[in-house]
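# Descriptive analysis of the structure
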Amino acid sequence: MQASITESPFGQMADGRDVIRYTLANANGMIVKIINLGGAITEIHVPDRSGTLADVNCGYDDVAGYMGESHYFGALIGRYGNRIANARFTLDGETFELDVNNGANHLHGGSEGFHRRLWTGETFTTPNSAGLILSYVSADGEQGYPGNLEVTAIYELRNDNELRIAFHAITDKATPVNLTNHAYFNLAGKGDILGHELTIVADAYTPIDNAQIPLGTLPPVEGTPFDFRAPHPIGERIDEDDEQLRNGFGYDHNFVLKKSSAGALEMAARVRDPASGRVLEVWSQEPGIQFYSGNFMNDKMRGKGQIYSYRSGFCLEPQHFPDSPNRPAFPSTILRPGQEYSTVMAYRFSTDA
């Protein structure tokens, strides 16, 4: 069986524009479904160690779910993944005021960020993959950001059970750019994720204040509940009496990845579900990765016959560090005219037997 991609209706926006669902399938029977609303991944069906498929991606049934209090399920995030303190930054001597949507701060590109935008889709196949090219033009001033930003996100499902996402962007004015995907995973397909075993290739992390803004330091993970250099169950230390766990209501922190060289596409994290044997590796070119343990999930979050209760999903979001536009010591996120933003991330699925 060759990799394939098909289209079907998913509903309509309030203004009547059609939302399209794209179904990608590879030669092994792995299936990924993506909608052009927010570029959201709605389903990921992968086998367990006995070959039984399950949907390991949290998602909603309809447009209303993704346009409501969606918690960014499966969505493309931009212009800036994560938080910017006080919803403002200064660039080249000019201060820009952003949409305020997370306390006093700006989160994930704003309340009308890329996750709520309708992208233009174009499909393709290769001998070993099926893919979707999503395009969007973010206008100068959108959510407070300078410059017209032309963005593409290329999803590619490969026959080796890798779902790859390649981001590209160009701008006509200097602007921060920090793109990622906000998929929530549960490798068992149900229940909580506290028994999932997590490894993060990071010697340091960025601690946060009680508004979840980085303090600006990069302390070592050694001797803390944030040391995932060897596998640990997510729930093993999550309720320890630790100020950082209190500030994040669990894990909701950026980890400083250990890279062989800047920009290398390397494994950033690995998660294993002991019960099913499913394994997820997250590969990235980015310097950081946000690990979120589903601390704000609740019984009101429902879709695909599931109740997405407390800590029933986790996120691993490759990224530059939070609040980088206000932190000169952090790796820069500024894209200027004539430059091209380009970064690749990948979800690689396998089993432990």
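Up top you'll find the structure we're talking about.
The structure contained in this document is the topic of the report that follows. Nothing here was measured: the structure is a model prediction, and the numbers come from that model.

## Re the sheet that holds strand β26 (residues 315-319)
Spatial strand order, β18-β20-β23-β26: 4 strands in an open sheet with antiparallel pairing. What marks the edges here is a single partner per strand, and that holds for β18 (202-206) and β26. This sheet shows a mean twist of 30° between the axes of neighbouring strands, independent of strand direction.

## Structural notes on the packing of aromatic side chains
Scanning the entire structure with this criterion turns up 24 aromatic pairs. Arranged with centres 5.9 Å apart and planes meeting at 40°, the rings of Phe-185 and Phe-314 form a pair that is tilted. With a gap of 129 residues between them, Phe-185 in the loop between β16 (180-181) and β17 (197-200) and Phe-314 in the loop between β25 (306-307) and β26 connect regions that are remote in the sequence. One exposure class covers both Phe-185 and Phe-314, and it is buried. Aromatic ring contacts, followed pair by pair, group Phe-10, Tyr-60, Tyr-66, Phe-73, Tyr-184, Tyr-292 and Tyr-308 into a single cluster. One Lys or Arg, Arg-237, reaches over the ring of Phe-228 and ends 4.8 Å from the middle of that ring. Its guanidinium or amino end placed over the ring of Trp-283, Arg-348 lies 3.7 Å from that ring's centre, counting from NZ or CZ.

## Quick notes on the nonpolar core
Residues Ile-44, Ile-200, Phe-255, Phe-291, Tyr-347 and Phe-349 are the most contacted members of the largest nonpolar core, which totals 60 residues. Top contributing element to this core by residue count: strand β13 (residues 149-158), with 5 residues. When near neighbours in sequence (up to four residues on either side) are disregarded, Ile-200 contacts Phe-228, Arg-229, Phe-255, Leu-257, Ala-268, Ala-269, Ile-289 and Phe-291. One finds Met-13, Ile-35, Tyr-60 and Leu-118 within the second-largest nonpolar core, a separate group that totals 18 residues.

## Details of the pattern of salt bridges
Following the criterion strictly, the structure yields 20 salt bridges and no others. Put simply, Asp-55 and Lys-304 hold a salt bridge, and the shortest N to O gap is 2.6 Å. Of the two residues, Asp-55 sits in strand β5 (residues 53-55) while Lys-304 sits in the loop between β24 (302-303) and β25, which places them 249 residues apart along the sequence. Arg-88 is the salt-bridge partner of Glu-97, the closest N and O atoms lying 3.2 Å from each other. Overlapping salt bridges, with partners in common, bring together Glu-156, Arg-158, Glu-162, Arg-164 and Arg-348 in one network.

## Things to note about the sheet that holds strand β14 (residues 162-171)
What the 9 strands build is an open sheet, ordered β11-β12-β13-β14-β28-β22-β21-β17-β19; its pairing is antiparallel. Strand pairing shows two members of the sheet lacking a second neighbour, β11 (120-126) and β19 (232-233), which therefore form its edges. Two elements, strand β22 (residues 278-284) and strand β28 (residues 341-351), share 7 bridges in a ladder whose sense is antiparallel. Each bridged residue has a counterpart across the sheet, and for Arg-278 the counterpart in β28 is Thr-351.

## Notes on the environment of Phe-124
Checked against the element boundaries, Phe-124 lands in strand β11. Residue classification places Phe-124 among the partly exposed positions, given a relative accessible area of 21%. Phe-124 sits 120 residues away from Ser-4 along the chain, and the two C-alpha atoms are 8.6 Å apart. When near neighbours in sequence (up to four residues on either side) are disregarded, Phe-124 contacts Ile-5, Ser-129, Ala-130, Gly-131, Leu-132, Ile-133, Ile-154, Tyr-155 and Glu-156.

## Observations concerning the environment of Met-1
Checked against the element boundaries, Met-1 lands in the segment before β1 (4-12). Separated by 28 residues in sequence, Met-1 and Gly-29 have C-alpha atoms that sit 8.4 Å apart. The contact partners of Met-1, leaving out residues within four places of it in the chain, are Asn-26, Ala-27 and Gly-29.

Conventions adopted
- Residues numbered from 1 in each chain as written.
- Predicted model: local features only at pLDDT ≥ 70, side-chain atom pairs only at ≥ 80, totals over all residues.
- Heavy atoms only, no water.
- Pairing = 2+ DSSP bridges.
- Helix = DSSP H or I, 4+ residues; strand = E, 2+ residues; numbered from the N terminus.
- Axes fitted to C-alpha atoms, helices over the stretch in contact; angles between N-to-C directions.
- Phe/Tyr/Trp six-rings, centres within 6.5 Å; stacked < 30°, edge-to-face > 60°.
- Buried < 20%, exposed > 50% of the residue type's maximum accessible area, 1.4 Å probe, protein only.
- Lys NZ or Arg CZ within 6 Å of the ring centre and 35° of its normal.
- Core = buried A, V, L, I, M, F, W, Y, C linked by side-chain atoms within 4.5 Å.
- Contact = heavy atoms within 4.5 Å.
- Salt bridge = Lys/Arg side-chain N within 4 Å of Asp/Glu carboxyl O.

Honestly, that's just the spatial picture; any functional story needs more than this.
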